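Geometric and topological summary
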Amino acid sequence: MASFGLAIAGFTDTMEHTEDEREVDWRACQQLHARASGQVERVRAAYQACRTDNDCAIVDTSTDCGGTCGEVVNRAGVQQMRRLIVHLDATVCREHRRMGCPYGTPACLASRPVCAGGACTLAPL
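Throughout what follows, the structure given in this document is the object of discussion. Being a predicted model, the structure only gives us computed values, none of them experimental. (Residues numbered from 1 in each chain as written. Predicted model: local features only at pLDDT ≥ 70, side-chain atom pairs only at ≥ 80, totals over all residues. Heavy atoms only, no water.)

1. Some details on the packing of helix 1 (residues 26-46) against helix 2 (residues 78-90)
For the pair helix 1 and helix 2, the least separation of the axes is 10 Å and the interaxial angle reads 170°. Here helix 1 is positioned roughly antiparallel relative to helix 2, judged by the angle of their axes. Classified by chirality, the crossing of helix 2 by helix 1 is right-handed. Across the interface between the two elements, Ala36, Gln39, Val40, Val43 and Arg44 from helix 1 touch Gln80, Met81, Leu84, Ile85, His87 and Leu88 from helix 2. In the contact of helix 1 with helix 2, the residues fall into seven nonpolar, three polar and one charged. (Axes fitted to C-alpha atoms, helices over the stretch in contact; angles between N-to-C directions. Helix = DSSP H or I, 4+ residues; strand = E, 2+ residues; numbered from the N terminus. Parallel < 35°, antiparallel > 145°, perpendicular 65-115°, else oblique. Left-handed = near helix turned anticlockwise from the far one by under 90°. Contact = heavy atoms within 4.5 Å. Nonpolar A, V, L, I, M, F, W, Y, C, P; charged D, E, K, R; others polar.)

Pasting the structure below:
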């Protein structure tokens, strides 16, 4: 059995693999993760307008490609973002999992959604 260390974004994990397992295509994994992240960012950008703090909500944007701290969108965009996450899990992230790509989740600070300068954003608690 071969053993190797994996370091991603400051996290280290030691994994055991059998000799007959294929190697992970890290570049392809990064491309799939970037594709999913880019689609989440496009929806976030389309639904950021607000007038008051009550217009904004935090929505979970974690996918099967990786965990997130969520995004802040105006309330009209919450369902759109949730539909996107379901779509990404069934398409891009299904391939990400099939390829054996790593999954990571960042450490997140406690925060709340606010409207600042006409755009939904996060403010620390």
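2. Thoughts on helix 1
The end-to-end C-alpha distance of helix 1, which contains 21 residues, comes to 30 Å, matching closely the 30 Å that a straight helix rising 1.5 Å per residue would cover. All of the buried residues in helix 1 are Ala28, Cys29, Leu32, Ala36, Gln39, Val40, Val43 and Arg44. Across the axial projection of helix 1, the buried residues extend over an arc of 165°, all falling on one side. Residues of helix 1 that are exposed and point over 90 degrees away from its buried face: Arg27, Gln30, Gln31, Arg42 and Ala46. Elements that come into contact with the buried residues of helix 1 comprise strand 4 (71-74), helix 2 and helix 3 (92-98). (Expected span 1.5 Å × (residues − 1). Buried < 20%, exposed > 50% of the residue type's maximum accessible area, 1.4 Å probe, protein only. Arc of directions from axis to C-beta.)

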